[in-house]
Amino acid sequence: MEQMTAAPPRIPQRKNPGTRYEDLYKSYVTYASPDAIEAPFMYQEYLQQLIRASPADPEALVAVPPNGDPLVWQYEHLRQFCLELTGLVVALHDECSDQSCPEMKANEWQYLCAAHPTPKNCCAFDYIVHTIDGACGLLNNPKFFPSRVSMGTPAVQQFGNIARRLYRVFAHAYFHHRAVFDRYEAAGHLYARFVAFILKFDLMDKDTILIKEQ
Ligand SMILES: [Zn+2]
Ligand SMILES: [Zn+2]
């Protein structure tokens, strides 16, 4: 039946305490068959397992799965960035306020918040919350993304916009709350994955990547 297909990648899952010996074998799952990867939610599960298995290997994390659709893959990455960026928001909460950061800046750049009918000057923390909420809302908006297993042109056109806005969240943390950024990055390598992602899929111009050293 599948003798013509290449060996699928084996992705170790986290093993819970008390896992029985024979179940350890079952914890090696494969999603490489075309049938499996086209099933709804399989991309998300596949991505989350990769992240658990190799969080510090950004190139491996952004590589399109065998037989996978590169556009659906980008979509799932963006959703995952929104999820994980909320952890950075929590970490910033103690020191990024309307007192410390009355404007959204990254280095000398300043940004207006686009989450309002007319873009306005939200303080950095509000900007970050509004931007992540906006990206998450857009990715879950059935008007733009009616399907999680195939992407239409209007959907794909949003990827660059979303990536550019989410990038500013990292950049604000890096330039204005460096200790928080470093701690969060050491724990989850999220920024390293984000940069590998935007470069691989050409979602941002290189000269708009403000963080030059990592
Ligand atoms: Zn701040
Ligand atoms: Zn706002």
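Cut-off values and rules
- Residues numbered from 1 in each chain as written.
- Chains lettered and ligands numbered in written order.
- Predicted model: local features only at pLDDT ≥ 70, side-chain atom pairs only at ≥ 80, totals over all residues.
- Heavy atoms only, no water.
- Donors = N, O, S within 2.8 Å, 3.2 Å for Na, K, Ca; no water.
- Tetrahedral: all angles 85-135°; square planar, octahedral: opposite > 155°, others 65-115°.
- Buried < 20%, exposed > 50% of the residue type's maximum accessible area, 1.4 Å probe, protein only.
- Core = buried A, V, L, I, M, F, W, Y, C linked by side-chain atoms within 4.5 Å.
- Helix = DSSP H or I, 4+ residues; strand = E, 2+ residues; numbered from the N terminus.
- Contact = heavy atoms within 4.5 Å.

This part is about the coordination of the zinc ion (ligand 1). When a metal carries six donors in an octahedron, the ideal angles between them are 90 or 180 degrees, while four donors in a tetrahedron ideally lie at 109.5 degrees. Protein-derived ligands of the zinc ion (ligand 1) are Cys96 (SG), Cys101 (SG), His172 (NE2) and His177 (NE2), with the metal-ligand distances lying across 2.0 to 2.3 Å. Taken together, the four donor atoms surrounding the zinc ion (ligand 1) define angles of 103 to 117° at the centre, an arrangement classified as tetrahedral. Between the donor residues of the zinc ion (ligand 1), the gaps in sequence give the motif C-x4-C-x70-H-x4-H.

A word on the coordination of the zinc ion (ligand 2). Only Cys113 (SG), His116 (NE2), Cys122 (SG) and His130 (ND1) from the protein reach the zinc ion (ligand 2) as donors, at distances of 2.0 to 2.3 Å. Around the zinc ion (ligand 2) sit four donor atoms; with metal-centred angles ranging over 96 to 119°, the donor geometry is tetrahedral. Sequence positions of the residues that donate to the zinc ion (ligand 2) give the spacing C-x2-H-x5-C-x7-H. The exposure classification of Cys113 matches that of Cys122, with both residues buried.

Bringing the nonpolar core into the picture now. Looking at soluble globular proteins, one finds that nonpolar side chains tend to be buried together. Ranked by size, the top nonpolar core spans 61 residues in total, and within it Leu166, Tyr167 and Ile198 carry the most contacts. Of all the elements in the fold, those that place two or more residues in this core are helix H3 (42–53), helix H4 (58–62), helix H5 (70–92), strand E3 (104–106), helix H6 (124–139), helix H7 (153–176), helix H8 (178–188) and helix H9 (190–200). With 11 residues, the top contributor of residues to this core is H7. Contacts of Tyr167, omitting those with residues within four sequence positions, involve Tyr191, Phe194, Ile198, Met204, Thr208, Ile209, Leu210 and Ile211.

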